Amino acid sequence: MMIQEPIKRKTNLPVVQCRICHNDTKKQSKIVKLGNNYGIICSECSKMFSLEDIDLMYNMFTAFGGYFGMLKDTVSSTYKIITNLVKEYNIQEKDLKATEVDVKVLHKALLYGITPRQLIQGVRLLHE
């Protein structure tokens, strides 16, 4: 004879955080290959960044810690942050490419919530 157990109520499952920005991935998240592993990326990060950018950011955050926008401050503007990065690291080249940006500068910019594209455009504008 088969005995049925009453179905218990589902409990709230923990929300998985995005591997890039650490926001909750409640809706429309993507599973992406990151290095040798797979990770979940939120819909905002998957729209904002290319797969190459995501892989680069994941590797940088794995190596040096942090996540995208960790140091983001509502008071400081992106312009001020880029200006400070240019002064601090003495960036002077006009024909700057994402691969040529110093790892320290790029990592710090990512922590402040500045995308690689914004960083390069900002450096170019400051040196024109």
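As a reminder, the structure under discussion sits directly above these lines.
Residues numbered from 1 in each chain as written. Predicted model: local features only at pLDDT ≥ 70, side-chain atom pairs only at ≥ 80, totals over all residues. Heavy atoms only, no water.

Asks: Any details on the packing of aromatic side chains? Residues and values, ideally.
Replies: On inspection of all chains with the given rule, the structure shows 1 aromatic pair. Geometrically, the ring pair formed by phenylalanine 49 and phenylalanine 68 is edge-to-face, given 5.1 Å between the ring centres and 80° between the ring planes. Taken together, the positions of phenylalanine 49 in the loop between α1 (43-48) and α2 (51-64) and phenylalanine 68 in the loop between α2 and α3 (78-89) put the pair 19 residues apart, joining distant regions of the chain. Over the ring of tyrosine 38 we find lysine 33; its NZ or CZ atom is 5.3 Å from the centre of that ring. (Phe/Tyr/Trp six-rings, centres within 6.5 Å; stacked < 30°, edge-to-face > 60°. Helix = DSSP H or I, 4+ residues; strand = E, 2+ residues; numbered from the N terminus. Lys NZ or Arg CZ within 6 Å of the ring centre and 35° of its normal.)

Asks: How would you sum up α3? Please name residues and give values.
Replies: If you check α3, its first and last C-alpha atoms are 16 Å apart, about what 12 residues at 1.5 Å a residue would give, namely 16 Å. Among all positions in α3, only Ile81, Ile82, Thr83, Leu85 and Val86 are buried. Among the structural elements, α4 (103-111) and α5 (116-126) are those in contact with the buried residues of α3. The first or second residue beyond α3 is asparagine 90, which carries a positive phi of 55°. (Expected span 1.5 Å × (residues − 1). Buried < 20%, exposed > 50% of the residue type's maximum accessible area, 1.4 Å probe, protein only. Contact = heavy atoms within 4.5 Å.)

Asks: Can you lay out the side chain of histidine 107 for me, pointing to particular residues and giving the numbers?
Replies: Assignment of secondary structure puts histidine 107 in helix α4. Take histidine 107: its relative accessible area is 11%, and that puts it in the buried class. Here histidine 107 is in contact with Met60, Phe61, Phe64 and Gly65, once residues within four sequence places are set aside.

Remember that the coordinates give geometry; whether it matters functionally is a separate question.
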